[in-house]
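One letter stands for each residue in the lines below.
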Amino acid sequence: MRVFIDANVIISVFNREYPLYIYSARILSLGSNDRFELFTSPLCLAIAFYFSSKKSGEKMAKNKMQSLLENISLTTIDDSVAKHAAGDPRIIDFEDGLEYYSAIKKSCNIIITED
């Protein structure tokens, strides 16, 4: 199963935000199970890095990011993803639309988000 992980799940692990941390850490641990492939987007990484660096500093945030990237693959956000997100009247939050269409482009079966 291909699973897209949204930024807020990553942030809760990076910043140990309870009670979400417990559940988010379990979700990220699915990457060690051969039945699951975890994905996120470069935009989610940038958002997670920003919030992690504010709490832990840039050096620690970069270390956390390097560790995450050993266990997760990336989707892409290109012009077709952006045009789909912008052109879909059901999409209210543009950033969520970018994540949604980048997950679809990578054939993800599910999107896991806190919101």
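Here, every reference points to the structure presented above.
Residues numbered from 1 in each chain as written. Predicted model: local features only at pLDDT ≥ 70, side-chain atom pairs only at ≥ 80, totals over all residues. Heavy atoms only, no water.

Participant: If you had to explain the layout of surface pockets to someone new, which residues and values would you point to?
Facilitator: Of the pockets and cavities examined, the largest pocket occupies roughly 260 Å³. Lining the largest pocket are 13 residues, with V13, F14, L28, S67 and L68 positioned closest to its centre. Listing elements by their share of the lining of the largest pocket, those giving two or more residues are α1 (7-14), α2 (20-29) and α4 (58-69). Class assignment for the residues of the lining of the largest pocket results in 8 nonpolar, 3 polar and 2 charged. (1 Å grid on protein atoms, 1.4 Å probe; cavity = no way out; pocket = protein on both sides within 12 Å on 5 of 7 lines; lining within 4 Å. Points joined across faces, edges and corners; volume = space filled by probe spheres on them. Helix = DSSP H or I, 4+ residues; strand = E, 2+ residues; numbered from the N terminus. Nonpolar A, V, L, I, M, F, W, Y, C, P; charged D, E, K, R; others polar.)

Participant: I'd like a description of α2, backed by residues and values.
Facilitator: Of the residues making up α2, those classed as buried are Y21, S24, I27 and L28. Buried residues along α2 cover an arc of 125° about the axis, so they all sit on one side. For α2, the exposed residues lying more than 90 degrees away from the buried face are Y23 and R26. (Buried < 20%, exposed > 50% of the residue type's maximum accessible area, 1.4 Å probe, protein only. Arc of directions from axis to C-beta.)

Participant: Describe the nonpolar core, with residues and values.
Facilitator: Residues I5 and L68 are the most contacted members of the largest nonpolar core, which totals 24 residues. Of all the secondary structure elements, the ones that give two or more residues to this core are β1 (2-5), α1, α2, β2 (37-40), α3 (42-56) and α4. Looking at which element gives the most residues to this core, the answer is α1, with 6 residues. With sequence-adjacent residues up to four places away left out, I5 is seen in contact with I10, I27, L28, L38, F39, T40, C44, I72 and I112. (Core = buried A, V, L, I, M, F, W, Y, C linked by side-chain atoms within 4.5 Å. Contact = heavy atoms within 4.5 Å.)

Participant: So, the environment of L69: which residues are in play, and what are the values?
Facilitator: Along the chain, the position of L69 falls in helix α4. Judged by relative accessible area, which is 39%, L69 ranks as partly exposed.

Participant: Describe a nonpolar patch on the surface, listing the residues and the values that go with them.
Facilitator: A surface patch of nonpolar side chains, about 360 Å² in accessible area, is lined by Y18, I22 and Y23. The residue I22 is located in helix α2 in this model. Here I22 falls in the partly exposed class, since its relative accessible area comes to 40%. (Patch = residues over 30% accessible without salt bridge, like charges linked within 9 Å, V, L, I, M, F, W, Y side chains within 5 Å. Areas by Shrake-Rupley, 256 points an atom, 1.4 Å probe, with all protein chains shown as cover. Salt bridge = Lys/Arg side-chain N within 4 Å of Asp/Glu carboxyl O.)

Participant: Residue-level account of the pattern of salt bridges, with values.
Facilitator: Within this structure, the stated rule accounts for 3 salt bridges. When the shortest N-O distance is used, the salt bridge between K105 and D78 registers 2.1 Å. Note that K105 is positioned in helix α6 (residues 94-105) and D78 in the loop between β3 (73-74) and α5 (79-87), a separation of 27 residues in sequence. Taking the relative accessible area as the measure of exposure, K105 reaches 43% and is therefore partly exposed. On the accessibility criterion, D78 (25% relative accessible area) is partly exposed. Close ionic contact of D88 with R90 constitutes a salt bridge, the shortest N to O distance being 2.8 Å.

Participant: Explain a negative patch on the surface residue by residue, including any values.
Facilitator: On the surface, E17, D93, D96, E114 and D115 cluster together into a patch of negative charge. Assignment of secondary structure puts E114 in the segment after β4 (110-112). Judged by relative accessible area, which is 47%, E114 ranks as partly exposed. (Lys, Arg positive; Asp, Glu negative; His and termini not counted. Charge placed at Lys NZ, Arg CZ, Asp CG, Glu CD.)

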